[in-house]
Each structure stands twice: as C-alpha cells, then as structure tokens.
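The lines below spell out each chain.
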Amino acid sequence: PSYVFMAGISKCMDFLENGKDTFDEYYRNLEGIYDEAKKLKNISLINDELINKNNVSDFDCSKLIIYSEKLSGREIYDMLRDNYQLMCEMATPYIALAMTSPCDDREGFDRLIAALKEIDENI
C-alpha cells in the first residue's frame, strides 16, 4: 500500500470528523454568492430553481455554473482568468464552471462576486 496515500486518507477523515464549522461557513459562503448573483442583470448562476424543469433532476451548489446570454462561457472564463486572476474549471460555448470546496475562504467568494458584478456592469 502507498503510505502517502493512506496518510492523505487519514488527514481527510480527520478533517471530515472535525470540520463541522468549516462546512457551515462553506454553505454560508455559497448561499451568499447565490444571493448576490440574483442581483446581476446580465450574468446568472444556475441554481436549484431548475430542478424538475428541462430534465434537471438534481443540483450541486458547490459547482458554480456561470451563464450569460450576452457572453459566451469562454469569454467569461477568459475575463475571470485574465482580469481577476480567478481560474474556472472549464468553459463551454454557453457556460463557465467554477469549482468550489470547503477550503475556499470568504475572500475567494468575495473576489468572485466582485468580478462578476464588474463584468455584469460592463456588458
């Protein structure tokens, strides 16, 4: 067995057993960014309102799906990377996907929503 891999699993288990406060803060951060995104005019975060519509059966709030009818996913991806030093996971012609985790801090969420607000205002 790989002792490095086993040690990583052990650390992960410790984090999960003692990380309630971390996860509580994470969900507050996610709620905050979804609430702030509702105020945007030209950019949207896909949210749980789509469940049971258009064959959507579930929703993962940790994956921020950024959408705009006025910008392509690639344009959003490039703007976030080039102008705000925020790296999304991927882009399609329609969306940019930003992955989050409990290890992301409030500063990162604040930077992302500030960037989206600025992009939204400049469209």
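Let's talk about the packing of helix α2 (residues 20–37) against helix α4 (residues 106–122)
- Remark: α2 packs on α4, axes separated minimally by 10 Å, with the N-to-C direction vectors making an angle of 10 degrees. In this view, α2 runs roughly parallel relative to α4, as classed from their interaxial angle. Between α2, through Glu-25, Tyr-26, Arg-28, Asn-29, Leu-30, Ile-33, Glu-36 and Ala-37, and α4, the contact on the second element is made entirely by Arg-106, Phe-109, Leu-112, Ile-113 and Lys-117.
- In the contact of α2 with α4, the residues fall into 7 nonpolar, 1 polar and 5 charged.

What to know about helix α3 (residues 73–84)
- The end-to-end C-alpha separation of α3 is 16 Å, in line with the 16 Å expected for 12 residues at 1.5 Å each.
- If you check which residues of α3 are buried, you get Gly-73, Ile-76, Tyr-77, Leu-80 and Tyr-84. The buried residues of α3 occupy an angular sector of 100 degrees when the element is viewed end-on, so they sit on one face.
- Just downstream of α3, Gln-85 is the residue with a positive phi angle, here 55 degrees.

Points about the sheet that holds strand β1 (residues 44–45)
- The antiparallel open sheet is built from 4 strands, whose spatial order is β1-β2-β4-β3. Unpaired on one side and paired on the other, β1 and β3 (90–91) mark the two borders of the sheet.
- Where β1 meets strand β2 (residues 63–67), 2 bridges bridge the pair, whose relative direction is antiparallel. Within the sheet, the bridge partner assigned to Leu-45 lies in β2 and is Ile-66.

What counts as what
- Each chain has its residues counted from 1, running along the sequence as written.
- Whole-chain, interface and lining totals are the exception, using all residues; otherwise, since this is a predicted model, local features are given only for residues with pLDDT of at least 70 and side-chain atom pairs are given and counted only at 80 or more.
- With hydrogens and water set aside, each side-chain value is computed from the structure's full complement of heavy atoms.
- Comment: axis = line fitted to C-alpha atoms, over the contacting stretch for helices; angle = value between 0 and 180 degrees taken between N-to-C directions.
- What counts as a helix is a DSSP run of H or I of at least four residues, what counts as a strand is a run of E of at least two, and both are numbered from the N terminus.
- Put simply, angles under 35 degrees are roughly parallel, angles over 145 are roughly antiparallel, angles from 65 to 115 are roughly perpendicular, and the rest are oblique.
- Should any heavy atoms of two residues lie within 4.5 Å, those residues are counted as being in contact.
- Asp, Glu, Lys and Arg are counted as charged, while Ala, Val, Leu, Ile, Met, Phe, Trp, Tyr, Cys and Pro are counted as nonpolar; the rest, among them Gly, fall into the polar class.
- Multiplying one less than the number of residues by 1.5 Å gives the expected span of a helix.
- Only protein chains enter the accessibility calculation, which uses a 1.4 Å probe; a residue whose area is less than 20% of its type maximum is buried, one above 50% is exposed, and one in between is partly exposed.
- The arc in question is formed by the directions pointing from the helix axis toward the C-beta atoms.
- Note on pairing: two strands pair once DSSP finds at least 2 bridges between them.

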